[in-house]
Amino acid sequence: MRNALPSFSHFLWTSSIPESSHKNRAMAAGDELKLIGNWASSFVARPRIAFNLKGIQYEFLQEEFGKKSDLLLKSNPVHKKIPVLIHGGKPVCESLVIVEYIDQIWSSSGPSILPTDPYDRAVARFWAAYVDDKLTLQFRPFIREADEAAKAQAIEQMVAALQHLEEAFEKCSKGKSFFAGDSIGFVDIALGSLIGWLRAVEVLAGVKLFDEERIPGLAKWAERFCSSDAAMGIIPEPAELVEFSKALRDAFRSAALPSN
Amino acid sequence: MSKEADSGEVVQLRGMWASPAVHRVAWALRLKGVEEDLERKSPALLELNPITKQVPVLVHGGRPVVESLVILEYIDEVWSGAAGAPPLLPENPYERARARFLAAFVEDKSREATRKVFFAPEKERGEGLRSLEEILEVLEKELKSKEGEFFGGRSIGYLDLAVGWMPFWLGVVLEGVLDCKVMNAIKFPTFYLWSKFFLQNPPEEKWESIITLPPREKAIEYFIKYRQLYSDSPK
């Protein structure tokens, strides 16, 4: 298609640097790095953990809850969601896409987040997609107003999904500490980023999700993950998230916001 | 006639003819010049993928790969230099991330949108149609920014394959079954031109029969029945 209109990325970032100099230049590891997000979001935790693994510094721009900054709206007009990584002025969206991007750009720093073998990569991507498909939506009834039936169903789904993930952990880890083996990898990040909220749900619903009898492998893995260098300080305490979820529910109640 | 893949192992694609996700994978295999083995028996679909019970499943050397977008990446990595075909995903990491993001966006948003249009009562249908239009707006902009006819630039790429289901299946499902139109050639002229490619049936020789599609009437018939079946049952 003829380039009669400026490229899409031009709409996203109003900078004084002419479009042409950005367009074909590959982003280098040393370019400016900003992450838009907040401390409570599991999705935002993912790139943060990835950066920690790689030992990379970045500027963390926290969104004010309830408002979307101009920067966010400009950087992710399609979705208007966090996290958004801005690298050398160009936005990258979708938490797992960002993690893969980080792994590629900083391939020579820290461990590889994705395995090298194509089949293992496909398995890792499948399980990460599974986490997003089966787990991430189940937190909704605990953040919005929901009846007990909806909450009970969400718990059921989470328990079932965690059971499958327990089997996946046995197969993938082959006796080692993480899904990826000796060090944290893609599936570890995808699931590990949710531990904060999973534990918060345990408090809110009065159920044990990381049950040592039902899912012994994952129960120990969760401890290991949270105390790792990469995740240190990133996974919020359950109490903080319980507090946060109360604030969210109040905000939704009063503002009657459309669902996001 | 079972031709084995570059890696020396047999390739089988399992899935249902009416599923767009299955065709997406079939196109990728054809682009890479990979032939499937149609002769050998293989384990039942459920045995291979008991977790999600989904189609399609690519079986390579006896090992299953599931989730069509994951399969596309797998195919791109395994057959990276195959048949002189350019890579499906862009080399540039930023462009790669962009293609993945847009594919995920369309996948997620269209699932809900098509459900609303297809199964929901009349009043919700409007919401579904608007969602589909929003997707088309994004894709229209994206296409305009490319040098070349495709999302992949001058050759078919990952994003072309990821959204290539839209012209035929939205045509079948919306126009054929429900008689409503969303792919407006005036609102979305660039997308319209691109979609002509995916509607070639039979395809022009130039494209070497990469894009295969089921017969339109058969697909419409199938979805009419499918809709009746699921409309009457509680969600």
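Residues numbered from 1 in each chain as written. Chains lettered and ligands numbered in written order. Predicted model: local features only at pLDDT ≥ 70, side-chain atom pairs only at ≥ 80, totals over all residues. Heavy atoms only, no water.

Peer 1: Residue-level account of helix H7 (residues 165-178) of chain B, with values.
Peer 2: Residue and element names in this part refer to chain B. Largest kink in H7: about 25°, centred on glycine 171. Among all positions of H7, only Trp165, Met166, Pro167, Phe168, Trp169, Leu170, Gly171, Val172, Val173, Leu174, Val177 and Leu178 are buried. Remark: aspartate 179 follows H7 within two positions and exhibits a positive phi of approximately 60°. (Bend = angle between axes of the 7 residues up to and from the residue. Helix = DSSP H or I, 4+ residues; strand = E, 2+ residues; numbered from the N terminus. Buried < 20%, exposed > 50% of the residue type's maximum accessible area, 1.4 Å probe, protein only.)

Peer 1: Which residues make up helix H6 (residues 118-134) of chain A, and what values go with them?
Peer 2: All names here are of chain A. For H6, with 17 residues, the first-to-last C-alpha span of 24 Å sits near the 24 Å given by 1.5 Å per residue. Of the residues making up H6, those classed as buried are Tyr119, Arg121, Ala122, Ala124, Arg125, Phe126, Trp127, Ala128, Tyr130 and Val131. At the N-terminal boundary of H6, the capping side chain belongs to aspartate 117, with an oxygen 3.0 Å from the backbone nitrogen of tyrosine 119. (Expected span 1.5 Å × (residues − 1). Polar contact = N/O pair within 3.5 Å; in protein donor to acceptor, adjacent residues only side chain to side chain.)

Peer 1: Tell me about the side chain of B:Arg24, residues and numbers included.
Peer 2: Residues and elements named next belong to chain B. By secondary structure assignment, the location of arginine 24 is in helix H1 (residues 20-31). A distance of 3.0 Å separates a polar atom in the side chain of arginine 24 from a polar atom in the side chain of glutamate 107. Not counting residues up to four positions away in its chain, the partners in contact with arginine 24 are Ser68, Leu69, Leu72, Glu107, Leu161, Ala162 and Trp165. (Contact = heavy atoms within 4.5 Å.)

Peer 1: Before we move on, can you summarise a positive patch on the surface with the specific residues and values?
Peer 2: Residues and elements named next belong to chain A. A cluster of basic residues, Lys68, Lys80, Lys81 and Arg140, forms a positive patch at the surface. Tracing the backbone through its elements, the reader meets lysine 80 in the loop between helix H4 (70-75) and strand E3 (84-87). For lysine 80, a relative accessible area of 39% puts it in the partly exposed group. (Patch = residues over 30% accessible without salt bridge, like charges linked within 9 Å, V, L, I, M, F, W, Y side chains within 5 Å. Areas by Shrake-Rupley, 256 points an atom, 1.4 Å probe, with all protein chains shown as cover. Salt bridge = Lys/Arg side-chain N within 4 Å of Asp/Glu carboxyl O. Lys, Arg positive; Asp, Glu negative; His and termini not counted. Charge placed at Lys NZ, Arg CZ, Asp CG, Glu CD.)

Peer 1: Lay out the packing of H6(A) against helix H3 (residues 68-78) of chain B in plain terms, naming residues and giving numbers.
Peer 2: Each pair of packed helices gets described by two things: the angle between the helix axes and the distance between those axes. Direction vectors running N to C along H6(A) and H3(B) enclose 165°, while the axes themselves pass 9 Å from each other. If you check the angle between H6(A) and H3(B), you find them roughly antiparallel. As H6(A) runs across H3(B), the sense of the crossing is right-handed. Across from A:Pro118, A:Tyr119, A:Arg121, A:Ala122, A:Arg125 and A:Phe126 in H6(A), the residues of H3(B) making contact are B:Val70, B:Glu73, B:Tyr74, B:Glu77 and B:Val78. Partitioning the contact of H6(A) with H3(B) into residue classes produces seven nonpolar, no polar and four charged. (Axes fitted to C-alpha atoms, helices over the stretch in contact; angles between N-to-C directions. Parallel < 35°, antiparallel > 145°, perpendicular 65-115°, else oblique. Left-handed = near helix turned anticlockwise from the far one by under 90°. Nonpolar A, V, L, I, M, F, W, Y, C, P; charged D, E, K, R; others polar.)

Peer 1: Quick one: what's the story with the domain arrangement of chain B, residue by residue and with numbers?
Peer 2: All names here are of chain B. Along its sequence, chain B is organised into domain 1 (11-84) and domain 2 (93-200 + 216-226). For domain 1 and domain 2, the distance between their C-alpha centroids amounts to 22 Å. Tallying the contact residues gives 14 residues for domain 1 and 15 residues for domain 2. Both sides together, the interface formed by domain 1 and domain 2 hides about 1,400 Å², and carbon and sulfur atoms give 72% of it. For domain 1, the biggest contributors to the area lost against domain 2 are Trp17, Arg24 and Trp27; these three give 38% of the whole. A salt bridge links glutamate 107 to arginine 24, with the nearest nitrogen and oxygen atoms 3.0 Å apart. Between the two partners, domain 1 and domain 2, sit four residue pairs in polar contact (both at pLDDT 80 or more). Sort the elements by how many residues they give to the side of domain 1 that touches domain 2 and H1 lands first, with six residues. Partitioning the side of domain 1 that touches domain 2 into residue classes produces nine nonpolar, three polar and two charged. (Domains from an automatic or database assignment. Buried area = accessible area lost by both parts, 1.4 Å probe.)

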